Amino acid sequence: MIVKKSKNEIDLMRKSSEIVALALKKVEELVSPGITTLELDRIVEEFIRSKGAIPSFKGYKAIYPNVENFPGSICSSINDEVVHGIPGLRELKDGDIISIDIGAYIDGFHGDAARTYPVGNISPEAQKLIDVTKQSFFEGIKYATVGNRIIDISSAIEDCVVKSGFTVVREFVGHGIGKEMHEEPQIPNYRCRTQRARLDVGMTLAIEPMVNQGTHEIKVLENGWTVVTLDGKLSAHYENTIAITEEHPLILTIL
Ligand code: MG
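Structural notes, computed from the coordinates.

Calculation rules
- Residues numbered from 1 in each chain as written.
- Predicted model: local features only at pLDDT ≥ 70, side-chain atom pairs only at ≥ 80, totals over all residues.
- Heavy atoms only, no water.
- Buried < 20%, exposed > 50% of the residue type's maximum accessible area, 1.4 Å probe, protein only.
- Helix = DSSP H or I, 4+ residues; strand = E, 2+ residues; numbered from the N terminus.
- Pairing = 2+ DSSP bridges.
- Donors = N, O, S within 2.8 Å, 3.2 Å for Na, K, Ca; no water.
- Phe/Tyr/Trp six-rings, centres within 6.5 Å; stacked < 30°, edge-to-face > 60°.
- Lys NZ or Arg CZ within 6 Å of the ring centre and 35° of its normal.
- Expected span 1.5 Å × (residues − 1).
- Contact = heavy atoms within 4.5 Å.

Regular strands have side chains that alternate between both faces of the sheet. Burial of the side chains of strand β9 (residues 204-207) extends over both faces: T204 and A206 are buried on one face and L205 and I207 on the other. Where strand β7 (residues 174-176) lies against β9, 2 bridges are found, and the strand directions are antiparallel. Bridge assignment links G176 to a residue of β9, and that residue is L205. Note: β9 against strand β14 (residues 240-243), 4 bridges, orientation antiparallel. When the sheet's bridge partners are listed, L205 is paired in β14 with I242.

A few words now on the pairing of strand β2 (residues 74-78). Most of β2 sits out of view: 5 of its 5 residues are buried. Side-chain alternation along β2 places I74, S76 and I78 on one buried face and C75 and S77 on a second face that is also buried. Note: β2 against strand β4 (residues 97-106), 5 bridges, orientation antiparallel. Note that in β4 the partner of I74 across the bridge is I102.

The subject of this paragraph is the coordination of the magnesium ion. Within the first shell, the magnesium ion binds the protein through D112 (OD), H175 (NE2), E208 (OE) and E239 (OE), at distances of 2.2 to 2.4 Å. On the primary sequence, the residues serving as donors to the magnesium ion are separated as D-x62-H-x32-E-x30-E. On the criterion of sequence distance, the pair formed by D112 in strand β5 (residues 109-118) and E208 in the loop between β9 and β10 (210-212) is long-range, its members being 96 residues apart. Overall, D112 belongs to the buried group, its relative accessible area being 2%.

Time to look at the packing of aromatic side chains. Within the structure shown, the criterion is met by 4 aromatic pairs. When the centroid spacing of 5.0 Å and the interplanar angle of 85° are considered together, the rings of F137 and F138 count as edge-to-face. By relative accessible area, F137 is classed as buried at 0%. Connected via pairs of aromatic rings, a cluster forms that spans F137, F138 and Y238. Of note, R170 hangs over the ring of Y190, and the distance from its end group to the ring centre comes to 4.0 Å.

It is worth spelling out helix α4 (residues 150-163) at this point. An α-helical turn contains 3.6 residues, so any two residues separated by three or four positions project in the same direction. Spanning 14 residues, α4 covers 20 Å between terminal C-alpha atoms, matching the ideal 20 Å at 1.5 Å per step. Of all 14 residues in α4, 10 are buried; the element is thus mostly enclosed. All of the buried residues along α4 are I150, I151, I153, S154, S155, A156, I157, E158, C160 and V161. The secondary structure elements touched by the buried residues of α4 are α3 (124-141), β6 (167-168), β8 (183-187), β9 and β10. G165 occupies a position one or two residues after α4 and carries a positive phi of about 85°.

Structure (structure tokens):
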């Protein structure tokens, strides 16, 4: 069931979403060669808690047996890592790209957003991947208006990515968001014939293209979390929490 939010509830979601946006801004300033993803994680967790919020991802329940719940407050995914990278002692290197996904919970609602950042000087091809991933989000939300269907958003994202010579990850998708981190509906980043629900006022969605440089195929590492590209090529991620209104969608995680 898709849970629609009242105007008042969407206002409450602005708060968690704003904390996520501010945390991402902090990360953007800190990303540089030599910093570890664990340092970024600690700084973000401290920041989120200083605002009275809770990091949504910390302790998130694993879907596989014998896998620990997610230990980080951020997902930090470097180069060929697609999503759900676990923060650790790996230092960022010049030329890397890093995807950071952050969730925060306050006043009963979650906010969720992700960005991919360059570390130092990156290749033109890596920059193009980052740019196209972001662009595909904005192509998608052109259709995030009342009366359109979810598949219209998905199709616009897929077309933008494919036209640029990249591929879309299929196993992980965007989602409704609100009192729960992951609510219905699922929002694939490719044409998925089953996602034909109509968009309506009060729907709050996390739309999040995950875009690969090479094959769309992925695998999950033995830690049960980290998703990587099957061919070892780069992957980028761009996500915002949005709300469907009578007119244009509100992007809650952009300040
Ligand atoms: Mg998400």
